[in-house]
Each structure stands twice: as structure tokens, then as C-alpha cells.
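# Overview (structure and organization)
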Amino acid sequence: DTGVSQDPRHKITKRGQNVTFRCDPISEHNRLYWYRQTLGQGPEFLTYFQNEAQLEKSRLLSDRFSAERPKGSFSTLEIQRTEQGDSAMYLCASSPAEGGYTFGSGTRLTVV
Amino acid sequence: GQQVMQIPQYQHVQEGEDFTTYCNSSTTLSNIQWYKQRPGGHPVFLIQLVKSGEVKKQKRLTFQFGEAKKNSSLHITATQTTDVGTYFCADDSNYQLIWGAGTKLIIKP
């Protein structure tokens with residue numbers, strides 16, 4: 001499978017717990033993005049990596065959120081001290097320099 | 001900040017009827033991308049429009065970019081049940097996509 005892979009597909013966690021999601025982009029793509037989508041809305045930008053450098057970060061990304069892309073390959077998104085408002089679908093996407101994003105299937109987070 | 005407005009929110013059609021969704025912005029759009037998201041699925045890239053006045057076709061889908069690069073549309077001719085889903089436009093600006101709210105295509109039974 002040469003698409004974007006995300007793990008896990010679903011995560012249920014108790015409020016206050018930490019969670020970490022993983023994204024494996026298409027290997028030829030040097031750009032990687034994290035988005036968050038709630039029901040009935042379009043995705044909201046969270047952060048962007050070019051290779052291993054985190055170049056853009058949304059104001060939506062509070063101090064509880066951190067993303068990494070060591071060695072410019074896979075990426076992780078960690079949420080500390082989860083809140084119910086963090087419940088959403090977390091989407092990872094990668095793209096080549098000329099544009100056109102390929103999205104992964106997402107990780108659906110439910111905070112109870 | 002920049003906003004991309006998309007209408008309508010929903011469109012109910014009989015199978016075989018046409019469907020159109022519109023996006024517009026008060027500021028000039030950079031590059032417009034269109035995505036389709038099936039229920040329970042993730043956005044799937046359809047096309048990117050870059051040039052003013054550009055028109056691109058994919059089988060029954062026609063994508064247009066306005067002359068002033070402030071609006072775009074997607075038209076589907078003779079809808080089929082496989083077309084069901086939410087269609088999003090997104091402006092590719094400064095390494096992030098600014099998304100419209102989407103138009104949900106619903107086929108009447």
C-alpha cells in the first residue's frame with residue numbers, strides 16, 4: 001500500500017490522559033500536514049512539516065499539542081491532558097512540492 | 001483571516017439530475033483544490049485549479065475557476081449513487097489548505 005497510513009484508526013481515552021497518533025506519509029512526499037475535522041465541518045489546519053522541519057503551526061495547536069517528524073519520515077501527534085473538546089478526527093496528509101494532498105484514513109479520537 | 005464560503009450546505013437530487021456547488025472568497029484565491037469525502041471516509045483529492053478562468057473536466061465533473069480568482073464551482077452532470085458524499089473546496093495558501101464548509105450531495109430514494 002503506497003498511501004498515507006495512520007495508526008490507530010480509533011482511540012477512546014479518558015479525560016486527562018495523553019494520546020499519541022502516528023502517520024506514515026507517502027515516501028516520495030516531503031511535505032506532511034496534520035488537520036483536525038469535527039462532524040459536519042471541513043478540516044482545520046494544525047501543523048505542517050517540510051522534511052523534518054515544522055514550518056507552520058496553527059493557533060489551534062495549544063501547548064498540550066506537539067508534533068514531531070524525526071528524520072523527515074513518519075510523524076507523531078501527541079495530545080497531553082486530553083479534554084472532551086479534543087474529540088475529533090485527526091487527519092494526516094502528505095503532498096509533493098507541486099501540490100495535491102493525499103490524506104490518510106484518519107484517527108478518530110473520543111475523549112470520555 | 002481568510003475565509004472560503006461554500007454553498008449550498010446540502011443538495012438533494014434525484015439520480016440523473018445535475019449537482020452544483022459554489023465556493024467564493026472576498027480575497028483572491030491562490031490555488032483551488034477540490035476534494036470528495038464519502039460518509040465515514042477521508043477527503044480524496046479530485047483536482048487543482050491554478051489559472052484564472054480555468055476549466056477542467058473529469059468525466060461527468062466540470063470544475064471552473066473564476067476570472068478574478070475569487071470563486072470556483074464544481075458541476076456534476078447526471079448524478080449517480082456513487083457520487084454521494086461531501087464535496088469540499090479548499091484554497092492552497094501558504095502551505096495550508098483553507099477549507100469551505102462542504103456541500104453534501106444526497107440522492108433522493
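Refer to the preceding data block for the structure.
Residues numbered from 1 in each chain as written. Chains lettered and ligands numbered in written order. Predicted model: local features only at pLDDT ≥ 70, side-chain atom pairs only at ≥ 80, totals over all residues. Heavy atoms only, no water.

## Quick notes on the overall build of chain A
Where we set the bar: Secondary structure elements follow DSSP: runs of H or I no shorter than four residues count as helices, runs of E no shorter than two count as strands, and numbering proceeds from the N terminus. As a reference, a globule follows 2.2 Å times the number of residues to the power 0.38, and the radius of gyration itself is taken over C-alpha atoms. Categorising residues by exposure relies on relative accessible area from a 1.4 Å probe, with only protein chains included: less than 20% of the type maximum marks a residue as buried, more than 50% marks it as exposed, and the intermediate range marks it as partly exposed. Contacts were defined at the residue level, with two residues in contact if any of their heavy atoms lie within 4.5 Å. Areas reported as accessible are Shrake-Rupley estimates using a 1.4 Å probe. Residue values count occlusion only from the protein chains shown. Positive charge is attributed to Lys and Arg, negative charge to Asp and Glu, and no charge count is given to His or to the chain ends. In plain terms, the charge of a residue is placed at NZ if it is Lys, CZ if Arg, CG if Asp and CD if Glu.
Looking only at helices and strands, one finds 0 helices and 11 strands in chain A. The order of helices and strands in chain A, counted from the N terminus, is β-β-β-β-β-β-β-β-β-β-β. For chain A, whose C-alpha radius of gyration is 13 Å, the value lies close to the compact-globule estimate of 13 Å for 112 residues. With respect to the three principal axes, the spread of C-alpha positions in chain A is 40 × 25 × 25 Å. Taken over 112 residues, chain A has a buried fraction of 47%. Considering only intrachain contacts with a sequence separation of at least 6, the fraction spanning at least 24 residues in chain A is 52%. Of the roughly 5700 Å² of accessible surface on chain A, 43% is carried by carbon and sulfur atoms. Charged side chains in chain A number 14 positive and 13 negative. The centres of these two groups are separated by 7 Å.

## Focus: the pattern of salt bridges
In a structure, side chains of opposite charge can pair up when their charged atoms sit close to one another. Keep this limit in mind: Salt bridges are identified by distance alone: a Lys or Arg side-chain nitrogen within 4 Å of an Asp or Glu carboxyl oxygen.
Inspection of the entire model under this criterion finds 6 salt bridges over all chains. Across the salt bridge formed by Glu-44 of chain A and Arg-36 of chain A, the nearest N and O atoms sit 3.8 Å from each other. The class of Glu-44 of chain A is partly exposed, set by a relative accessible area of 32%. Of the residues examined, Arg-36 of chain A reaches a relative accessible area of 12% and is grouped as buried. Salt-bridge contacts for Lys-56 of chain B lead to Glu-54 of chain B; the nearest nitrogen and oxygen are separated by 3.6 Å. Assessed through its relative accessible area of 16%, Glu-54 of chain B is described here as buried. A cluster of three or more residues bridged by salt bridges with shared partners is formed by Arg-64, Glu-83 and Asp-86 of chain A.

## Examining the packing of aromatic side chains
Going by this rule: Only rings of Phe, Tyr and Trp enter the pairing, Trp through its six-membered ring, and a pair is recorded when the two centres are within 6.5 Å. The plane angle decides the type: under 30 degrees is stacked, over 60 is edge-to-face, the rest tilted. Two limits define a charge over a ring: the Lys NZ or Arg CZ must be within 6 Å of the ring centre, and within 35 degrees of the ring normal.
Enumeration over the complete set of coordinates arrives at 14 aromatic pairs over all chains. Ring centres of Trp-34 of chain B and Phe-63 of chain B lie 6.5 Å apart, and the angle between their planes is 50 degrees; on these two criteria the pair is classed as tilted. Taken as a pair, Trp-34 of chain B in strand E4 (residues 32–37) and Phe-63 of chain B in strand E7 (residues 61–65) lie far apart in primary sequence, 29 residues in all. For Trp-34 of chain B, a relative accessible area of 0% translates into the label buried. The class of Phe-63 of chain B is buried, set by a relative accessible area of 0%. Cluster of aromatic residues (ring-pair linked, three or more members): Tyr-33, Tyr-35, Phe-45, Tyr-48, Tyr-101 and Phe-103 of chain A together with Tyr-35, Phe-45, Phe-88 and Trp-99 of chain B. Over the face of the ring belonging to Phe-74 of chain A we find Arg-22 of chain A, whose NZ or CZ atom lies 3.9 Å from the ring centre.

## What about the sheet that holds strand E3 (residues 19–24) of chain B?
All names here are of chain B. Formally: Two strands make a pair as long as DSSP finds a minimum of two bridges between them. Interaxial angle, 0 to 180 degrees, is taken between N-to-C directions of lines fitted to C-alpha atoms, where a helix line uses only the stretch in contact.
Here 5 strands make up an open sheet; going across it, the order is E1-E3-E8-E7-E6 and the pairing antiparallel. Two strands bound the open sheet, and with one partner strand each, they are strand E1 (5–7) and strand E6 (55–58). Ignoring strand direction, the axes of neighbouring strands in this sheet form an average angle of 15 degrees. When E3 meets strand E8 (residues 71–76), the two strands line up antiparallel, connected through 6 bridges. Across the sheet, the residue bridging to Thr-20 is His-75, located in E8.

## A look at unusual backbone geometry
For the peptide bond that leads from Asp-7 of chain A to Pro-8 of chain A, omega is -5 degrees, which places it in the cis range. If you trace the backbone, Pro-8 of chain A turns up in the loop between strand E1 (5–7) and strand E2 (10–13). A cis amide bond, omega -5 degrees, links Ile-7 of chain B with the succeeding residue Pro-8 of chain B. Tracing the sequence through the fold places Pro-8 of chain B in the loop between E1 and strand E2 (10–14). Of note in this structure, Asn-51 of chain A is not a glycine but carries a positive phi near 55 degrees. The phi torsion at Lys-69 of chain B lies on the positive side, around 55 degrees, for a residue other than glycine. Summarising the element assignment, Lys-69 of chain B is placed in the loop between E7 and E8.

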